[in-house]
Amino acid sequence: MILEVKNVRVKLGSIEALKDITFKIEKNEIVALLGPNGSGKSTILRTIFGIIKPYVGAVYLDFKNIEKFDFRQIAKRIGYLPQENPETNLRVIDIVMLGRTPHLNGFKQPSKKDLEIALNALKSVGMNGFKNRKFSELSGGERQKVMIARVFAQQPEILLLDEPTAHLDISSQIEVMELVSKKVNEGLAAIIAIHDINLATSFCNRILMVKDGKIVRAGKPEEVISRSTIKEVFNADVDVKKFGGKIYVVPKMKTRNNKNRLIHVICGGGSGTEIIYKLSEKGYRISAGVLNVLDSDWQAVMDVEGILIDEAPFSPISNEAYEKNIKWIEKSDAVILTNLSVGIGNILNLKAALKAAEEKKMFVINKTPFKERNFVGKEADELYRLILEKSRVFKNEEEVLDELEKIFG
Amino acid sequence: MKLIALLTILIAIIFVVCLSLGPSSVGFEDVIMLLNGKADNNVKYIIIDYRMPRIITSMLVGVALATAGCSMQALFRNPLADPYILGISSGASVGAAIVIFLGIATTFNIMLSAFIFSLITAFVVYKLGETKIGVPIYTLLLAGVAMASFLSGLTSLLIYLSGKEMHQIVFWIMGGFWAARWEKVWFITFPITFSIAYVFLNAWNLNAILMGEEHALSVGIDVESFKRRIIGVATLLTSSSVAVSGIIGFVGIIIPHAMRLIVGENHKKLIPATILFGAAFMPIVDLISRTITDGEIPVGIITALLGAPFFIYLLRRAKVQ
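Residues numbered from 1 in each chain as written. Chains lettered and ligands numbered in written order. Predicted model: local features only at pLDDT ≥ 70, side-chain atom pairs only at ≥ 80, totals over all residues.

### Concerning the overall build of chain A
Working step 1: Scanning chain A for helices and strands turns up 16 helices and 18 strands.
Working step 2: The globule rule puts the C-alpha radius of gyration for 409 residues at 22 Å, and the 28 Å found for chain A is more than 25% above it.
Working step 3: For the C-alpha atoms alone, the extent of chain A along its principal axes is close to 90 × 40 × 40 Å.
Working step 4: Residues counted as buried form 44% of the 409 residues belonging to chain A.
Working step 5: Sequence separation of 24 or more characterises 66% of the internal contacts of chain A that already satisfy a separation of 6 or more. (Helix = DSSP H or I, 4+ residues; strand = E, 2+ residues; numbered from the N terminus. Rg over C-alpha atoms; globule rule 2.2 N^0.38 Å. Buried ≥ 20, exposed ≤ 12 C-beta atoms within 10 Å, placed from the backbone. Contact = placed C-beta atoms within 7 Å.)

### A word on the overall build of chain B
Working step 1: Tallying secondary structure elements over chain B gives 14 helices and zero strands in all.
Working step 2: Counted from the first residue to the last, chain B has its helices and strands arranged as α-α-α-α-α-α-α-α-α-α-α-α-α-α.
Working step 3: Over its C-alpha trace chain B gives a radius of gyration of 20 Å, about what one expects of a compact globule, namely 20 Å for 321 residues.
Working step 4: Projected onto its principal axes, the C-alpha positions of chain B cover 65 × 55 × 35 Å.
Working step 5: Per-residue burial for chain B yields a buried fraction of 50% across its 321 residues.

### Considerations on the interface of chain B and chain A
Working step 1: Taken residue by residue, the interface counts 18 residues in chain B and 25 residues in chain A.
Working step 2: Elements that contribute at least two residues to the side of chain B that touches chain A include exactly α9 (203-210) and α10 (213-218) of chain B.
Working step 3: Of the residues in the side of chain B that touches chain A, the class split is eight nonpolar, seven polar and three charged. (Nonpolar A, V, L, I, M, F, W, Y, C, P; charged D, E, K, R; others polar.)

### Quick notes on the sheet that holds strand β7 (residues 158-162) of chain A
Residue and element names in this part refer to chain A.
Working step 1: Strand order in the open sheet formed by six strands is β6-β7-β8-β3-β9-β10, with mixed pairing between adjacent strands. In the strand order of this sheet, the two ends are held by β6 (78-81) and β10 (214-219), each with one partner. Ignoring which end each strand starts from, the neighbouring axes of this sheet average 15° apart.
Working step 2: Strand direction decides the pairing type here: strand β3 (residues 30-34) and strand β8 (residues 189-194), joined by five bridges, are parallel. Residue V31 lies in a different strand from β8, and its bridge partner there is I191. (Pairing = 2+ DSSP bridges. Axes fitted to C-alpha atoms, helices over the stretch in contact; angles between N-to-C directions.)

### Section: the confidence of the model for chain B
Atomic detail in the predicted coordinates should be set aside for any region of low pLDDT.
Working step 1: Residue-level pLDDT values for chain B average 89, and 98% of them are 70 or greater.
Working step 2: Across the interface, the model reports ipTM at 0.85; the global pTM reads 0.77. (pLDDT = per-residue confidence, 0-100.)

### Focus on helix α4 (residues 88-101) of chain B
Residue and element names in this part refer to chain B.
Working step 1: Over its 14 residues, α4 extends 20 Å from the first C-alpha to the last, a length consistent with the 20 Å expected when each residue adds 1.5 Å.
Working step 2: Here α4 lies mainly inside the structure; 14 of its 14 residues are buried.
Working step 3: Within two residues after α4, G103 carries a phi angle of roughly 75°, on the positive side. (Expected span 1.5 Å × (residues − 1).)

And the structure:
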């Protein structure tokens, strides 16, 4: 089984709801459509199921255009669960039996086997004791599990689930996602529209971040989830943490003591990432330079929305950037020189650091001996020695932070 | 199953009882005499040409209105929806009133005109409710309300203009079975049995639609086409009823709802129960209407008097929930 969405564009009324959506899914995969409300996640699912017809592009199920199938044929292979749960007094078993609809003939007389399949589906979600209960009498989590049993009873190859965990408590959320996970491991595929980032990163193999009807990022959770992508898609400030190979996000605490202090960081090659994030957490404003675009420190400064003095990727620092760097050093309340490596390309950063040292506001993080980090030679050795003479020197980031807190905190 | 057997027996009893009761002195022993071929012509006329078509008409109408109501309630997902929701009753009234106003009123003409006008009304309402993405239930509802109000105005105008024929229109609108004849029975038997069979066979899909249109789609039902077909047969049921008996209110709400309380929402059980209860309920109400006074009270008045309090009870209950 392979499902392909190719260059799909959809109009709802006069609004272009989907703009060139393309992706593919095969069995044993859970793909999350992650995005805020109104981003087009539901529209993608409804287009895949054939409810909405794209005006450009198409959805292909095993290389055949979905519009060639009728709803009954689609429902045999795709189990779609709409977001809103029904309000009904039907009994649980009646609802799960409805999942057999596409498999029944015109007179809709279910066989013993259909009943068996429905009961098994109910059992697989742990709700077999509820079969004669009225749906309206169940709790939110129980309702959702019944609806999932209904989709399972359809025996589809692909699951399309629209916000299956919305309005559920945390244990039900996990339960529902685990049920889907288990089913996918048995050889199904699932596309889940979801706005809970942590559920998406924990249970999905791939994440498509959706914004304004477009897929703006696609890939494994750790590839697409970052402070900046979440800021971009959800317009929310979060911290991204890693834990045991999984990635998860937490809301960023509004810093209590928002200090009106500017700290300039001279860094590069990832040597400044830790201190940049920590300074930002403490409420300092940050400027940094000179950094090459796409350097990991550059990314960190972007994340904390600091001021960047940057240079084209893999290019040596120009005089212009150097002058700009000096200007921000002069403006800053303190300057930190990280444990960076020095080469021909960034020796101007050491010169700038010396300027700061002469202004008596230099804090140096000196973790590893400079000779191991020096790829220039004597000139750099001399510069670094002069800097150390006129600066406060620390062994790690924590010490610098403590010192800064003493002065500014 | 038990309920179905019980209702079937009840219908048989009701049939015999209704056949045996009426303002004339013809009674149960005359029915027995008739079965033995010993009755005189007068008795024969009263039982076979008067009471029997009347009872059968009332049963068919009861079944038709109850079933139409039940399907509309599933389609609209609202227990307060009724067979007249698409303006069918107003359309039929205009049809009957025009014929009476023009002075060409015969039993058959009134029936045919009411039937045709109600079909046209339903069709127009459906077209008015249509949008690019299908026929959303709420636009259909609004179109029905608007149409009904327009047509009531038209009916009132015709009543106002028709002078001494006025009472005939008013009487027709009140609804009843006093004019039941075999020709009417033949006229409605086919459309009603066909539509009932259709709804009965689609009970499963009605369950699905009860879950909401999106859910019905998700189990493979072509919702727009199904909606069209259900509205079609419900219209046929209602138009046939209205054509032969005028406007009999509340039956379409009370019966399905009472059955829902007893057998639950599953249409596999609800539809048969509704059909049978409709067949049992209507002849009894008609019996009351023709025996309670010396003359006859239109059935529509009795169902309205019984139905309105029930309707209010439903409203109150919905509010509590």
